[in-house]
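Residue strings, one per chain:
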Amino acid sequence: MTLPEALALPGLPRDADGPVFAEPWQAQAFALAVQLNADGAFTWTEWAAALSRELAGDPTDDGARYYHHWVAALEVLTTNRGLAGSAELAARKDAWADAYRHTPHGSPVELSAGQRAAARR
């Protein structure tokens, strides 16, 4: 990353080698985009356009919310491609939020079979 690029997103976590993931979910979102592209769900050009639209909608973001925009772009592309519906995505988010609220601190957050089934309805 060049100096002007680094200055454009000062809130994006980085080390000496460049940007890093601040949270595991960010790496998972990144991996999901790579896998969906590899599976032919969208091209990198389509991905770049979707992410650019999300970033343009939040001109005050200094990079701290970069992966939130990444996830929003994934949601738009997956719903536009019919890979998942808006209601399905909302149900899955609700299921994860519920699982998070009911998971003891320090334990991995996981969806139960019932929560997964409910999120698919």
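Data block above holds the structure.
In what follows, the accompanying structure is described. (Residues numbered from 1 in each chain as written. Predicted model: local features only at pLDDT ≥ 70, side-chain atom pairs only at ≥ 80, totals over all residues. Heavy atoms only, no water.)

1. Comments concerning helix H4 (residues 66-80)
Structural remark: α-helix, 3.6 residues per turn; residues separated by three or four positions point the same way. A rise of 1.5 Å per residue sets the reference length of H4, with its 15 residues, at 21 Å; its end C-alpha atoms lie 21 Å apart and thus fit the reference within 8%. Those residues of H4 that fall on the buried side of the exposure criterion are Tyr 66, Tyr 67, His 69, Trp 70, Ala 73, Leu 74, Leu 77 and Thr 78. Looking at the buried side of H4, the elements it contacts are helix H2 (24-38), helix H3 (44-56) and helix H5 (86-101). Directly beyond the C-terminal end of H4, a positive phi value near 75 degrees is found at Gly 82. (Helix = DSSP H or I, 4+ residues; strand = E, 2+ residues; numbered from the N terminus. Expected span 1.5 Å × (residues − 1). Buried < 20%, exposed > 50% of the residue type's maximum accessible area, 1.4 Å probe, protein only. Contact = heavy atoms within 4.5 Å.)

2. Examining the pattern of salt bridges
The full count for this structure, using the stated rule, is 4 salt bridges. One salt bridge in this structure joins Glu 46 and Arg 81, with 2.8 Å as the shortest N-O distance. With Glu 46 in helix H3 and Arg 81 in the loop between H4 and H5, this pair connects stretches of sequence that are 35 residues apart. On the basis of relative accessibility, which here comes to 35%, the residue Arg 81 falls in the partly exposed class. (Salt bridge = Lys/Arg side-chain N within 4 Å of Asp/Glu carboxyl O.)

3. A closer look at the environment of Ala 64
As for its placement among the helices and strands, Ala 64 is situated in the loop between H3 and H4. The sequence separation of Ala 64 and Ala 22 amounts to 42 residues, and the corresponding C-alpha distance is 9.6 Å. Excluding residues that lie within four positions of it along the chain, Ala 64 makes contacts with Gly 11 and Leu 12.

4. Details of the environment of Gln 26
Along the chain, Gln 26 turns up in helix H2. The exposure class assigned to Gln 26 is buried, which follows from its relative accessible area of 8%. Linking Gln 26 and Tyr 67, residues 41 residues apart in sequence, is a C-alpha distance of 6.0 Å. Beyond its immediate stretch of four places on either side in the chain, Gln 26 contacts Phe 21 and Tyr 67.

5. Things to note about the packing of aromatic side chains
Applying the stated criterion across every chain yields a total of 8 aromatic pairs. On the basis of an interplanar angle of 20 degrees and a centroid distance of 5.4 Å, the ring pair of Phe 30 and Trp 70 is categorised as stacked. Of this pair, Phe 30 sits in helix H2 while Trp 70 sits in helix H4, placing them 40 residues apart in sequence. Judged by its relative accessible area of 35%, Phe 30 falls in the partly exposed class. Residues Phe 42 and Trp 47 carry aromatic rings whose centres are separated by 5.8 Å and whose planes lie at 25 degrees to one another, so their mutual orientation is stacked. The class for Phe 42 is buried, based on a relative accessible area of 3%. (Phe/Tyr/Trp six-rings, centres within 6.5 Å; stacked < 30°, edge-to-face > 60°.)

6. A closer look at the nonpolar core
Ranked by size, the top nonpolar core spans 15 residues in total, and within it Phe 42, Trp 47, Leu 51, Tyr 66, Trp 70 and Leu 74 carry the most contacts. At the level of elements, H2, H3 and H4 are the ones that each hand at least two residues to this core. When residues no more than four places from it in sequence are discounted, the contact partners of Leu 74 are Ala 29, Leu 32, Ala 33, Leu 36, Phe 42 and Trp 47. (Core = buried A, V, L, I, M, F, W, Y, C linked by side-chain atoms within 4.5 Å.)

7. A closer look at the packing of H3 against H4
Where H3 contacts H4, the axes come no closer than 8 Å and their chain directions differ by 125 degrees. Looking at the two axes, H3 sits oblique to H4. Between H3 and H4 lies a crossing whose hand is right-handed. For the pair H3 and H4, the contacting residues are Glu 46, Trp 47, Ala 50, Leu 51, Glu 54 and Leu 55 in the first and Tyr 66, His 69, Trp 70, Ala 72, Ala 73, Leu 74, Val 76 and Leu 77 in the second. Tallied by class, residues from the contact of H3 with H4 come to 11 nonpolar, 1 polar and 2 charged. (Axes fitted to C-alpha atoms, helices over the stretch in contact; angles between N-to-C directions. Parallel < 35°, antiparallel > 145°, perpendicular 65-115°, else oblique. Left-handed = near helix turned anticlockwise from the far one by under 90°. Nonpolar A, V, L, I, M, F, W, Y, C, P; charged D, E, K, R; others polar.)

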